[in-house]
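Residues per chain are reported as follows:
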Amino acid sequence: MKISCIETFILRVPLGKERFYSSQTAFPERNSLLVRIETDTGIVGWGEGGQYGPPEPPAACIHYVLAPLLLHQDPMNRAVLWERMYGLTRDFGQKGPYIDALSGVDIALWDIVGKETELSISNLLGGRFREEVRAYATGHYYRGEDVYDYRKNLSALVEEAKGYVKQGFTILKVKIGLLPIDEDLFRLKAIREAVGPEIKILVDANHAYNVGIARRLCQEMEQLGGILWFEEPVPPEDYEGYRLLRSETSIPIAGGECEFTRFGFRELFTRGCLDIAQPDLCACGGISEFRIIQGMAGAFHIPVIPHVWGSAVALAASLQVIATLPPFPYTALPVPLENEPIIEYDRNPNPLRDSLALHPFKLQEGKLTIPNAPGIGIELDPTVLKEYTVAHQRSS
Ligand code: CA
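Residues numbered from 1 in each chain as written. Predicted model: local features only at pLDDT ≥ 70, side-chain atom pairs only at ≥ 80, totals over all residues. Heavy atoms only, no water.

## Side note on the pairing of strand 1 (residues 3-14)
Part 1 of the reasoning: Among the twelve residues of strand 1, nine are classified as buried, and the element is accordingly described as predominantly covered.
Part 2 of the reasoning: With eleven bridges joining them, strand 1 and strand 4 (residues 29-39) adopt antiparallel strand pairing. Of the residues in strand 4, the one forming a bridge with Val13 is Arg30.
Part 3 of the reasoning: Across six bridges, strand 1 lies against strand 14 (residues 389-395) in antiparallel orientation. (Buried < 20%, exposed > 50% of the residue type's maximum accessible area, 1.4 Å probe, protein only. Helix = DSSP H or I, 4+ residues; strand = E, 2+ residues; numbered from the N terminus. Pairing = 2+ DSSP bridges.)

## Side note on the domain arrangement of the chain
Part 1 of the reasoning: Domain assignment breaks the chain into domain 1 (3-118 + 381-395) and domain 2 (123-369).
Part 2 of the reasoning: The gap between the C-alpha centroids of domain 1 and domain 2 is 24 Å.
Part 3 of the reasoning: Between domain 1 and domain 2, the contact holds 41 residues from the first and 49 residues from the second.
Part 4 of the reasoning: When the two sides are added together, the surface that domain 1 and domain 2 hide from each other amounts to roughly 3700 Å², 64% of it contributed by carbon and sulfur.
Part 5 of the reasoning: For the interface between domain 1 and domain 2, the tally reads three salt bridges.
Part 6 of the reasoning: The salt bridge involving Arg30 is made with Asp346; its shortest N-O contact spans 2.8 Å.
Part 7 of the reasoning: If you list the elements that add at least two residues to the side of domain 1 that touches domain 2, you get strand 1, strand 2 (20-21), strand 4, strand 5 (44-48), helix 2 (78-89), helix 3 (97-117) and helix 14 (382-388).
Part 8 of the reasoning: Among the elements that line the side of domain 1 that touches domain 2, the one with the most residues is helix 3, at ten residues.
Part 9 of the reasoning: Broken down by class, the residue content of the side of domain 1 that touches domain 2 amounts to 19 nonpolar, 14 polar and eight charged. (Domains from an automatic or database assignment. Contact = heavy atoms within 4.5 Å. Buried area = accessible area lost by both parts, 1.4 Å probe. Salt bridge = Lys/Arg side-chain N within 4 Å of Asp/Glu carboxyl O. Nonpolar A, V, L, I, M, F, W, Y, C, P; charged D, E, K, R; others polar.)

## With respect to the sheet that holds strand 5
Part 1 of the reasoning: Taken in spatial order, the four strands of this open sheet run 5-4-1-14, and their pairing is antiparallel. Looking at strand neighbours, the two that pair on one side only are strand 5 and strand 14, the edges of this open sheet. Strand after strand, the sheet turns through a mean of 20° between neighbouring axes, direction not considered.
Part 2 of the reasoning: By the bridge criterion, five bridges tie strand 4 to strand 5 in an arrangement that is antiparallel. Counterpart to Ile37 in the pairing with strand 5 is Gly45.
Part 3 of the reasoning: Against the sheet, helix 3 touches strand 1, strand 4 and strand 5, its axis set at about 145° to strand 5. (Axes fitted to C-alpha atoms, helices over the stretch in contact; angles between N-to-C directions.)

## Considerations on the pattern of salt bridges
Part 1 of the reasoning: Under the counting rule described, the total for this entry stands at 28 salt bridges.
Part 2 of the reasoning: Two residues, Glu38 and Arg36, come together in a salt bridge whose shortest N-O distance is 2.8 Å.
Part 3 of the reasoning: The shortest N-O distance in the salt bridge between Glu231 and Lys173 comes to 2.8 Å. Pair noted here: Glu231 is in strand 9 (residues 227-231) and Lys173 is in strand 7 (residues 171-175), with a separation of 58 residues, a long-range link. No difference in accessibility class separates Glu231 from Lys173, as the two residues are buried.
Part 4 of the reasoning: It is possible to trace a salt-bridge network through shared partners that takes in Arg30, Asp346, Arg347, Arg353 and Asp354.

## Section: the coordination of the calcium ion
Part 1 of the reasoning: At the metal site, the calcium ion is ligated by Asp204 (OD), Glu231 (OE) and Glu257 (OE), and these contacts range over 2.1 to 2.2 Å.
Part 2 of the reasoning: When the donor residues of the calcium ion are listed from N- to C-terminus, their spacing reads D-x26-E-x25-E. Of this pair, Asp204 sits in strand 8 (residues 200-204) while Glu231 sits in strand 9, and the two are 27 residues apart along the sequence.
Part 3 of the reasoning: With relative accessibility at 1%, the residue Asp204 sits in the buried group. (Donors = N, O, S within 2.8 Å, 3.2 Å for Na, K, Ca; no water.)

## Notes on helix 1 (residues 56-70)
Part 1 of the reasoning: The end-to-end C-alpha separation of helix 1 is 19 Å, in line with the 21 Å expected for 15 residues at 1.5 Å each.
Part 2 of the reasoning: Its maximal kink placed at His63, helix 1 deviates by approximately 35°.
Part 3 of the reasoning: Along helix 1, the residues that are buried comprise Pro58, Ala59, Cys61, Ile62, His63, Val65, Leu66, Ala67, Leu69 and Leu70.
Part 4 of the reasoning: Buried residues along helix 1 sit in contact with strand 1, strand 4, helix 2, helix 3 and strand 14. (Expected span 1.5 Å × (residues − 1). Bend = angle between axes of the 7 residues up to and from the residue.)

## Examining the side chain of Lys175
Part 1 of the reasoning: With respect to the element layout, Lys175 can be found in strand 7.
Part 2 of the reasoning: Within the local environment of Lys175, its side chain forms a polar contact with the side chain of Tyr141, the two groups lying 3.4 Å apart. (Polar contact = N/O pair within 3.5 Å; in protein donor to acceptor, adjacent residues only side chain to side chain.)

Structural data, given as structure tokens:
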């Protein structure tokens, strides 16, 4: 079996009035880079590369740099191909678009191997610890016409939180970091009061703070109580900041969505930066590299709870690897968020996540079922793919 064709699809959905903001940026649209690899035996694999950056740079990497290496190679040799792709791009790659590109290709290769062997990726990886996983609602971004005025948007924020609880979520993630910390604390308090103490809250700053401010915020959040992780408090390069903060606060520190490959995660692990590692499958180097990072995390007894963004392809592939994560550590009755993985379920508007799979994912009693069909376990709806594709390129 040989790779005969590599295609990329750039999908875009303008959000119009539904645009939202993190601490870093506005999201005026949702986009995804999908990778389609076909073999001379007619098997097709799908992958996704990158997360919220523009999809064009990794697409260019795929066609101009990686495709000549991949065409006419046997996709079953995915580990060999990974090392060759990394070796070829090391001098100018290592982080960013090249690794996004490599991630998308790697996921598509695993999808092909699954379809060839008629096994889901989780079964290819050695089997499943679980058939379903508790989902947490990623939402509570900054929205509304006057996005910087938290008072104007407070009632909508509280209604959003209550809506997730009604849908069955027991864990909510709240965005912080755009506004002064006193105002973000006010937002957190309002949500806490509205949903009650049973609901667990995670916060995510998208690296908005320096250590001094993050420390002050941690002290306030400790007073507030019930904040079960603090995600990306400081910039991803600030390993020492991560280490300091983690050594000072009782709130678990999470991070890693902006880190790439085993080499990046080696720094986070050896420097004692994290309580929870969050590699993103579509950015860290794909399934092959995720497994290496997972192994390293295991050696440091650091739980892995992947970062998940993007389309149904990213979600399906993430569910496949989450099925294979052992409890951290083993107990007879693993508890979600304590020693049992959970899945990030982005709740911002995104038809690429909700409509692209022929059988869309559905939340049932706060959980998502892990697909058991071969490969990533989903088929894509060609009509939806066509509807949102704004650029298509083919190397053969
Ligand atoms: Ca995040």
